[in-house]
Structures are given as structure tokens and as C-alpha cells.
Amino acid sequence: MTVGPQFRRVARFVSPADRGFAAVVYGGSILFALLIVGLFVELVLGSWPSIVAFGPSFIWKSSWDPITSKFGALPMIFGTVMTSLIAIVLAAFIGIMAAVFLADFAPRWLGQPLSFLIELLAAVPSVVYGLWGLFVLAPFMRTTIGPALQHVLGWMPLFSGPIYGVGLLTGGIILALMIVPTVTAISRDVLVAIPRDLREASMALGSTKWETAIRVVLPAARVGVFGACVLALGRALGETIAVTMVIGNRPEISASLFAPSYTLASVIANEFTEATTSIYTSALIELGLILFLVSMAVNALARFMIWSVRGSERV
Amino acid sequence: MIRSLRRCCFSLAVVAAMTLPAAAATQLTGAGSSFDYPFFSKAFYIYNQKNPDITVNYQSIGSGGGIAQFTARNVDFGATDVPMNAGELARAPGPVLQIPVTLGGAAIAYNLPGVSAPIRLTRAVLADIYLGTILKWNDPQIAKLNKSVNLPDMAIIVVHRSDGSGTSYIFTDFLSHVSAEWKSKVGTGKSVSWPAPSSVGAKGTEGVAGQVKSTPGAIGYVEMAYVVENHMQAATLENKAGKWIDCTPETVAAAAASKPEVSATNFSIVDSSAAGGYPISGYSWVVVYKKPEARAKELYNVLSWLVGSQGQENAKSVDYVPLPRNVQGAAAATLRQMQR
């Protein structure tokens, strides 16, 4: 962030109070930067024995055997990216549609309580989602959703194989439920902030309400809506307990969405407390480092996409 | 301003006066095994009722964390489901005493719709199920053992703990004892690489139990106390002596009693040859320094009460297995080496 010229000009004549304020805001942002750098350094230091022992092959090996100390992170990277991908595809579609409804269609008496309820969903602890997933969603997946999907789409490897109830798809759906409130709440605020003139102009040109919402308001708000999705994706990548309870915890890459899988955060949550050898602990910390880098990469990609969207319309 | 400051000082003094007598009481701290937690919280509560000047603060952070905290001398004692090994002992800043404090067993829970009679499994068949060489419930090897039961043509889904756990250690130790293939292919540990193609990992005892309950065809190992408290159905196993044994506090205790010379280097009681012994059971341990830095007297008193008959009485009330008499004696003898 650079300071705008209008502030720099004033800065010479500031009172002590202003200077104090400047110190606080600068200090705060430097503190955050230091926190991120410190976290990264700590992760690298902690995982150093593992980085030395396994080298870069840690990233593409797929065995995870604490007894023989053979560690590879590929199945967990796969599981983390796949569950988050499933989650964001489902959550973005449903969440944005809900936001459009709340911003432009819902009557006031319905919109207000509905927004409140959706925001309430974000406050439910993840272990509650996990328990619900294990005892309600997973059996329902096994008896109803899974067989139905397999009946229609079973010819694709993605929907083949035995259905356990727990697995990649169940993990993705739980995550989608957890991040929908983020997508909806932020997108709705962005959509509401789009000037009325735009809507009125569109209507004046003869558009219907739906055409206005989907073709005019939503595109105008796309940067903000995209930002909401990025924020939600970040939560999905790092979510631990709920996913651990429904993913099946098997370090294996399978083509089928019904198969059990594993995520980076889940392995750490499962095994860190009882990891006794130092190379084992170090391998677990390296998983944390990889999760950190994956989240950074996803965020960087998202930033890049926002910039390219902005650039094309010269806002 | 001054008045309110004075009032503030006064109330601080009152608070200090109230807390000072309490500070004279001794607080012992421990950390480690989550398996021990229900037993410890009950036992230490009872101890505090009898000895109000001593409180024990136990944090169930897992055996690995317990050993780390103990090695750093952050706690007075550690608790672990598997004794500290030679490497861990070498890292500790002083000689360590390891004392068995309670017993646990792993019951084999399963979910077979329409089957009400308890099923029977031999040790070899159980190993083959977890190895993934027996894949269906109506496999001739299982059917042979359960002639009166109409076993369904259903895939076996093998459920295991996904978090590192002492129960997994006991179970894989058992499988290594009864199957050479398991020993060479997988091994014994708190977390292992599970070979069965249909295996599913679930977090915690309640996770395994929940997964088994909600998945027809599933089989899983669950802590005995949990099975007893939740009235779950568990398989009857054939032990080394050829007897059919259910997982109960009595059969677990019988397996332990047959090996009184238990020590931190020779602690495995799985696959016991006792006629009435259940084959999947094991000890949990407390670790203390031979020369504690402080509070040695209090620590000795608490622990010798814990491994004695009065302390062990509390194990029964939370569905844990009290140490057999002869093991109580051995534990007390080890504890007496502590300098106090």
C-alpha cells in the first residue's frame, strides 16, 4: 500500500496526536507482516530435518508410513485441493444466487431475517458441522445421494467404485456448507452497494428484473463477488476438524469422488499429538509448510485474476 | 480519583488475603495420554476430597505431548500409553521411573444388519480382515466359525483410528503377534499405514464407534470402556488357549494377571496364553523422575495411592480395568525407588 499524495502533503503539519495515530496504524501493519514472515521461518526451521531427509520428492511421493518413516505428501495435497475445489464450485453457485435474491428480490420482511440466519451459519463451530456430517450427511450420502449420482453418472470414473458415505465428495459438501455464509454475506453487501442508477437505467432500457440482476448488477459487482469467493476458499483450504470427521482419512489418490481421502490439515490434527520421533514431527510440520504455500499460491492466483478483471475494464 | 484508587488497592488486598491460604496447598501437574483422562480426573478428584491440601492438575494432551512436557520438566509427571523407549529416556534430563497405572482393552465392534447373535472370530481371521485378504462377510473362513449365523454377502469395511492412539498401538501389537505377514508388512505403532483396500480412518474412539454404527458391513476396534458404556455389540475372539472370550474388565484383567513381571521394557500382554485372558489388551503408564526437583513427597503419596487398591477402585467405576493385585505390588515397588 502506498500513501496517497494528499496525505503526504498534510503529513508535515501534523499534531502529536496524528503522529501517534500514524505510529499505531504503521505498527499494526508491520506487526502483521512480521507475523507472516515469522510463521514462515518457524515452519521452515521445524520442517528442516524432513526437507533434508526427503528432499523435493516429499511433494510427489504418496506413501505415509510412520513405522518405517517413509513420508510423502501427494495424497494430502490432492485431497486438500479437491475438497476445496468441490466446496468452492458448490458454494459459489449457491452463495451468489442467494446473494442476488437477498439484494434485489427478497421483500424486506424476508430479506432481513434471512440474511441474519445465513450469517448465523458462519458462527456454528466446525465440530458441530463435523458431527452432523458423520451422523447425518455420511449415511445419507451412502444410501441416497451416492447411489443416485452413480445411477446417472456411474460411467464416469469420478462417480465409480464403492460408496462408503465418508470420502472426498462428503468432505467437499461439508466445506461448501461452511463457506456459503461467507460467499453470501459479502456478495450481498457488494451487490447492495451497486448504485441504483445502474438498475434504473437497465430497467428503462426494457430489461426485466432478472436480466437487470444477472446481466447488469452482477457483472458490475464481479470483483467484489470474486473477492468473497477467494476469502471463502481460504477458509476451505485450512478447515480441519469437520473435514477430518467425514473424509475417511486414507492417504490415497483415487479417481472416484466417493473414495476416502485425506487433507493436509487433517493429518496434522490427527497425528501431531502422538508423533514421537523427530523426523515424524518434522514431516508433519512440512505438511503445514506445504499448506501455507498452497494457500499462498491460491491467494496469489486469485489476486492475479482480480487484477486481470479490473484491468480489462479500466476501473 | 484518589478515592477510587484507594478502594481499588483495598479490594486487591482482600483478594490477595483470600487467595494466600489456598496458595499454601500443593498443586501437582501432569500431562499426557487422553486414554487415562477419565480415570485420572475421577481418581484425583477423590484424592483431593480426602487430602484437601493437594490438588492434581492433569492435562490430556496426548502421550507424545506428555512425554515432551515431562522431558522439559514442565510437569511433575507424564502419562503415556506406551512406555518411553531408550531414545526418549536418553533425552530425559534424569533417570526415569515408569509405572503401570491402568489397563485397557480393545473390543471388536461390527455392524451386520439382521445378525443378532454375537459373531466369533479367530485371531488369524481378524488379522486377514485387517490385511485385506478376507473381503466379504460371507467368506468361508468366517462362515466356518459362525455356522448358526446367516452372514450377508456384504463387503467388509475396515475402520481404524486416524489419530495417533494407544488403542491403535495395542491393536497393531496384537496383529503383529498373531500374523507374521502383518509384522513384516505393517508393524506396530500408534499410527500405521493400513493395508486393507476398504479401510476408513475415523478420529477418536467416538469417531470409530460412530463410523461402525452408521456403516453396514463395518468392523472396528473400540476402547472397552466405550463399548461397555454404550452397550455396543462386540465380537467374541478365540484366544491363544483356544477359548472363546468376550472383551470384559475381567478377561482383560486375567490377561494382565498372567504376567506379573511387567516392566517398561517388557510390557506387552497381547495374545496372552492365560485361559481366561482377552487377547487385545495393554497397560497405560505414568512416568516420573527418580529424583524429582520439587514436591517429591506429595508426588510419591499421590501415585502410591493411585496404584494401590484404593486408587484402583476408581478405575472400576469409570469402566476401566483395575491393575491385578500382583501388578499393584510391582508398581508400588518401582515407585519406592523414588527419592523423597
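Above this text sits the structure in question.
Within each chain, residue numbers correspond to sequence positions counted from 1 in written order. Key to labels: chains lettered from A, ligands numbered from 1, both in the order written. Totals for whole chains, interfaces and linings use every residue, but because this is a predicted model, local features are given only for residues with pLDDT of at least 70 and side-chain atom pairs only at 80 or more, for both listing and counting. Each side-chain value is derived from all of the structure's non-hydrogen atoms; neither hydrogens nor water enter the calculation.

Visitor: How do you make sense of the interface of chain A and chain B when you look at a structure like this?
Guide: Interface size, as often reported, equals the accessible area lost upon joining of the parts. In this complex, chain A contributes 24 residues to the contact, which on the side of chain B involves 33 residues. Defined here as a combined quantity, buried area equals the accessible surface (1.4 Å probe) lost by two parts on assembly, summed across both. Here chain A packs against chain B, burying approximately 2,100 Å² in sum over the two surfaces, 51% of which is carbon and sulfur. Looking only at chain A, the three residues that lose the most surface to chain B are I67, Y164 and E274 of chain A, adding up to 29% of its buried area. Salt bridge criterion: a side-chain nitrogen from Lys or Arg within 4 Å of a carboxyl oxygen from Asp or Glu. Run the count over chain A and chain B and you get one salt bridge. Between K190 of chain B and E274 of chain A there is a salt bridge, with its nearest N and O atoms 3.2 Å apart. Under the rule applied, a polar contact is a pair of N or O atoms within 3.5 Å (in protein, one hydrogen donor and one hydrogen acceptor; residues adjacent in sequence only if both atoms are side-chain atoms). Counting across the chain A and chain B interface gives 14 residue pairs in polar contact (both at pLDDT 80 or more). Taken together, the elements giving at least two residues each to the side of chain A that touches chain B come down to β1 (64–65), α6 (126–153), α11 (241–246) and α12 (264–271) of chain A. Only heavy atoms enter the contact rule, under which two residues are in contact if any of them lie within 4.5 Å. Note on conventions: DSSP H or I runs of at least 4 residues are helices, E runs of at least 2 residues are strands, and numbering of each starts at the N terminus.

Visitor: Would you explain the packing of aromatic side chains in this entry?
Guide: Remark: the centre distance and the inter-plane angle together describe each pair of aromatic rings, the angle taken between the planes. Residue and element names in this part refer to chain B. Planes of paired rings set the category: under 30 degrees apart is stacked, over 60 is edge-to-face and the rest tilted, where pairs are Phe, Tyr or Trp rings (Trp by its six-membered ring) whose centres lie within 6.5 Å. What the rule picks out here adds up to 29 aromatic pairs over all chains. Residues F40 and F44 carry aromatic rings whose centres are separated by 5.2 Å and whose planes lie at 45° to one another, so their mutual orientation is tilted. In this pair, F40 and F44 are both assigned in helix α2 (residues 37–50), four residues apart and thus about one turn of the helix distant. Whether a residue is buried, partly exposed or exposed follows from its accessible area with a 1.4 Å probe, protein chains only, as a fraction of its type maximum: under 20%, in between, or over 50%, in that order. Judged by relative accessible area, which is 4%, F44 ranks as buried. Grouping aromatic residues by their ring pairs yields a cluster made of F35, Y37, F39, F40, F44, Y58, F77 and Y320. Two limits define a charge over a ring: the Lys NZ or Arg CZ must be within 6 Å of the ring centre, and within 35 degrees of the ring normal. Over the aromatic face of Y289 sits the side chain of R73, whose NZ or CZ is 4.1 Å from the ring centroid.

Visitor: I'm lost on the pattern of salt bridges in this one. Help?
Guide: Oppositely charged side chains are able to pair whenever their charged atoms sit close together. Residues and elements named next belong to chain B. For the coordinates displayed, the defined rule picks out twelve salt bridges over all chains. Among the ionic pairs, D153 bridges to K136, the shortest N-O distance being 3.2 Å. With D153 in the loop between α6 (140–145) and β6 (157–161) and K136 in the loop between α5 (123–131) and α6, this residue pair connects regions lying 17 residues apart in the sequence.

All we've got here are geometric facts, nothing functional implied.
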